[in-house]
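Structural description and commentary
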Amino acid sequence: MRKRDTPTLSGYVLTAVLAGLLTGCGMLPGQQGGGEEKQPVAKERQAVDLGSSDDSPAPASTGDGDGAEPAGQASAPAEQETVIADKKIKVSDTDLTVEINGLKRQGRLSTLTWTITNEGDKRWEMHSDLGDTPAGLGLTVAGISLVDPVNGKRYTVARTGAYPRAKCLCSDYDVFTEPGEVLPLHATFAAPPADVTKINVDLKVLGVLTDVPIS
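To keep things clear, this report deals only with the structure shown in the data block.

Definitions and limits used
Residues numbered from 1 in each chain as written. Predicted model: local features only at pLDDT ≥ 70, side-chain atom pairs only at ≥ 80, totals over all residues. Heavy atoms only, no water. Helix = DSSP H or I, 4+ residues; strand = E, 2+ residues; numbered from the N terminus. Buried < 20%, exposed > 50% of the residue type's maximum accessible area, 1.4 Å probe, protein only. Contact = heavy atoms within 4.5 Å. Areas by Shrake-Rupley, 256 points an atom, 1.4 Å probe, with all protein chains shown as cover. Pairing = 2+ DSSP bridges. Axes fitted to C-alpha atoms, helices over the stretch in contact; angles between N-to-C directions. Polar contact = N/O pair within 3.5 Å; in protein donor to acceptor, adjacent residues only side chain to side chain. Phe/Tyr/Trp six-rings, centres within 6.5 Å; stacked < 30°, edge-to-face > 60°. Lys NZ or Arg CZ within 6 Å of the ring centre and 35° of its normal.

Brief notes about the overall build of the chain
Looking only at helices and strands, the chain features 3 helices and 12 strands. When burial is assessed residue by residue, the chain has 39% of its 215 residues classed as buried. In the chain, the share of contacts with a sequence separation of at least 24, taken over all contacts with a separation of at least 6, comes to 63%. A total accessible area of about 12600 Å² is found for the chain, and carbon and sulfur atoms account for 53% of it.

As structure tokens, this is what we get:
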């Protein structure tokens with residue numbers, strides 16, 4: 001009759017040591033169990049927040065390569081039927097109407113949609129008045145920002161890459177806006193904290209719209 005092997009004391013000790021090592025690896029941050037999966041999220045959050053605490057927007061990277069096409073630049077949902085804030089202004093002798101159509105949180109990001117209507121009888125030459133020229137983003141709206149006056153924080157437009165290959169998650173535009181033309185625009189930012197329900201929208205040459213609600 002074959003005799004059953006009996007575990008020795010050294011076997012128990014080895015099993016306990018291995019169990020302890022495996023348990024310790026699971027508890028260390030950045031090791032095993034999802035450490036590598038969290039890195040891209042952390043990178044995106046850091047990238048969008050860069051330059052958001054002062055007045056100088058800094059090029060940020062929300063992707064792994066400078067050549068990646070930002071998802072927000074190609075198109076944005078049209079919400080022109082809804083107006084949550086508006087402003088009439090004269091710029092370069094041209095009467096303009098600015099209408100904010102939405103400012104919505106989407107996870108860690110927020111998206112602003114708005115329109116500019118040329119109410120005058122001549123075309124408006126926009127130059128790069130809404131862009132971030134130092135970053136090579138002149139004919140875009142990369143220069144606008146959201147301002148939280150309560151917490152003293154400015155949120156700049158998210159972007160990928162660095163100069164001269166930087167791209168913003170925002171609209172570009174033509175130099176001229178014709179009389180009667182309605183120009184739909186959008187930009188993506190880091191989302192303000194959940195307790196911030198209203199924020200100021202700084203549109204540079206177009207002025208500031210205050211207390212714009214966030215949905």
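Once you've had a look at it, read on.
So, the pairing of strand S6 (residues 153-156)
Successive side chains on a regular strand alternate, one facing one side of the sheet and the next facing the other. Here strand S5 (residues 145-148) runs beside S6; their pairing, made up of 4 bridges, is antiparallel. Bridge pairing in S6 places Asp 148 opposite Lys 153. Counting the residues between successive antiparallel strands, the hairpin from S5 to S6 contains 4 residues, one of them, Gly 152, with a positive phi of roughly 65°.

Thoughts on the sheet that holds strand S1 (residues 85-91)
Taken together, 4 strands build an open sheet; the order of strands is S1-S2-S3-S10 and the sheet is antiparallel. If you trace the sheet from one side to the other, it starts and ends with S1 and strand S10 (182-190), each paired once. Between one strand axis and the next, the sheet turns through 25° on average, direction left out of account. Where strand S3 (residues 109-118) meets S10, 9 bridges bridge the pair, whose relative direction is antiparallel.

Observations regarding the side chain of Arg 159
Among the secondary structure elements, Arg 159 is positioned in strand S7 (residues 159-160). Exposure remark for Arg 159: the relative accessible area of 0% places this residue in the buried category. Of note is the side chain of Arg 159, whose polar atom sits 2.6 Å from the side chain of Asp 132. There is a polar contact of 3.4 Å between the side chain of Arg 159 and the backbone oxygen of Ala 142.

Structural notes on the pairing of strand S11 (residues 198-202)
Of all 5 residues in S11, 4 are buried, a share of seventy percent or more. Pairing analysis gives 3 bridges linking S5 to S11, with the strands arranged antiparallel. Opposite Ser 145, over in S11, you have Asp 202 as the bridge partner. Looking at chain direction, S11 and strand S12 (residues 208-213) are connected through 4 bridges and run antiparallel. Opposite Asp 202, over in S12, you have Val 208 as the bridge partner.

Focus: the sheet that holds S11
With antiparallel pairing, the 4 strands of this open sheet are ordered in space as S6-S5-S11-S12. The sheet is open, and its two borders are formed by S6 and S12, each paired with just one other strand. If you compare each strand with its neighbour and ignore which way they point, the axes differ by 30° on average.

Let's talk about the environment of Lys 87
Turning to its location among the elements, Lys 87 is positioned in strand S1. Residue Lys 87 is classed as partly exposed on the basis of its relative accessible area of 26%. Residues Lys 87 and Val 208 lie 121 residues apart in sequence; the distance between their C-alpha atoms is 8.8 Å. Setting aside chain neighbours within four positions, we find Lys 87 in contact with Leu 96, Thr 97, Val 98, Leu 206, Gly 207, Val 208 and Leu 209.

Regarding the packing of aromatic side chains
Under the defined criterion, the tally for this structure stands at 0 aromatic pairs. Over the face of the ring belonging to Phe 176 we find Arg 123, whose NZ or CZ atom lies 3.8 Å from the ring centre.

Comments concerning unusual backbone geometry
The residue after Tyr 163, namely Pro 164, is reached through a cis peptide bond having omega 5°. Positive phi values are uncommon outside glycine, yet His 127 reaches one of about 50°. Residue placement: His 127 occurs in the loop between strand S4 (124-125) and S5. A relative accessible area of 41% places His 127 in the partly exposed class. The phi torsion at Lys 204 lies on the positive side, around 55°, for a residue other than glycine.

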